[in-house]
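Take a look at the letters that make up each chain.
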Amino acid sequence: MGQATPMRSLAKTLTWRIIATADTFILTFLSATYLGADLGITSDQATGLAATVAALELVTKLALYYLHERGWARLNWGTDAQAHAN
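Residues numbered from 1 in each chain as written. Predicted model: local features only at pLDDT ≥ 70, side-chain atom pairs only at ≥ 80, totals over all residues. Heavy atoms only, no water.

Undergrad: Mind showing me how you'd approach the pattern of salt bridges here?
TA: Two side chains of opposite charge can pair, provided their charged atoms sit close to one another. Applying the stated criterion across every chain, the model contains three salt bridges. A salt bridge links glutamate 57 to arginine 17; the nearest nitrogen and oxygen atoms lie 2.5 Å apart. You can see glutamate 57 sitting in helix H2 (residues 43-73) and its partner arginine 17 sitting in helix H1 (residues 6-39), a full 40 residues away along the chain. Note on glutamate 57: relative accessible area 8%, which makes it buried. The buried category is assigned to arginine 17, whose relative accessible area is 4%. Between lysine 61 and glutamate 57 there is a salt bridge, with the nearest N and O atoms lying 3.7 Å from each other. (Salt bridge = Lys/Arg side-chain N within 4 Å of Asp/Glu carboxyl O. Helix = DSSP H or I, 4+ residues; strand = E, 2+ residues; numbered from the N terminus. Buried < 20%, exposed > 50% of the residue type's maximum accessible area, 1.4 Å probe, protein only.)

Here is the structure:
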């Protein structure tokens, strides 16, 4: 297996963020909906809170995952390329 290109890393970053952001939205929405009554949060506020949290983490974690992916792309550890070098 060769080195991952930056475009491959970007594609992996974007597809993962779609999945992860949907998960964050759902978890935040469910938490705010079911625990919101105790905190004085309405259903509309729960939706707004979930959208805000999901949007913020979408931006920050896109950048963090891409940097993480590019860091791993620089390493041969655990790849076929490393096995052939030994």
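Undergrad: Hey, could you run me through H2 in this one?
TA: Because each turn of an α-helix spans 3.6 residues, side chains separated by three or four positions in sequence point in the same direction. A rise of 1.5 Å per residue sets the reference length of H2, with its 31 residues, at 45 Å; its end C-alpha atoms lie 43 Å apart and thus fit the reference within 8%. Among the residues of H2, Ala46, Ala50, Ala54, Glu57, Glu69 and Ala73 are the ones counted as buried. In this fold, the buried residues of H2 make contact with H1. (Expected span 1.5 Å × (residues − 1). Contact = heavy atoms within 4.5 Å.)

Undergrad: For this particular structure, what's the right way to read H1?
TA: Remark: the principal bend of H1, roughly 40 degrees, maps to threonine 33. Ser9, Thr13, Arg17, Ala20, Thr21, Thr24, Thr28, Ala32 and Gly36 are the residues of H1 that are buried. In this structure, the buried residues of H1 make contact with H2. Two residues or fewer after H1 comes glycine 40, characterised by a positive phi angle close to 80 degrees. (Bend = angle between axes of the 7 residues up to and from the residue.)

Undergrad: In this structure, what is going on with the environment of glycine 36? I would like to understand it.
TA: Along the chain, glycine 36 turns up in helix H1. Each C-alpha atom, one on glycine 36 and one on alanine 46, is 7.2 Å from the other, the two residues being ten residues apart in sequence. Other than its neighbours up to four places away in sequence, glycine 36 contacts Ser31 and Ile41.

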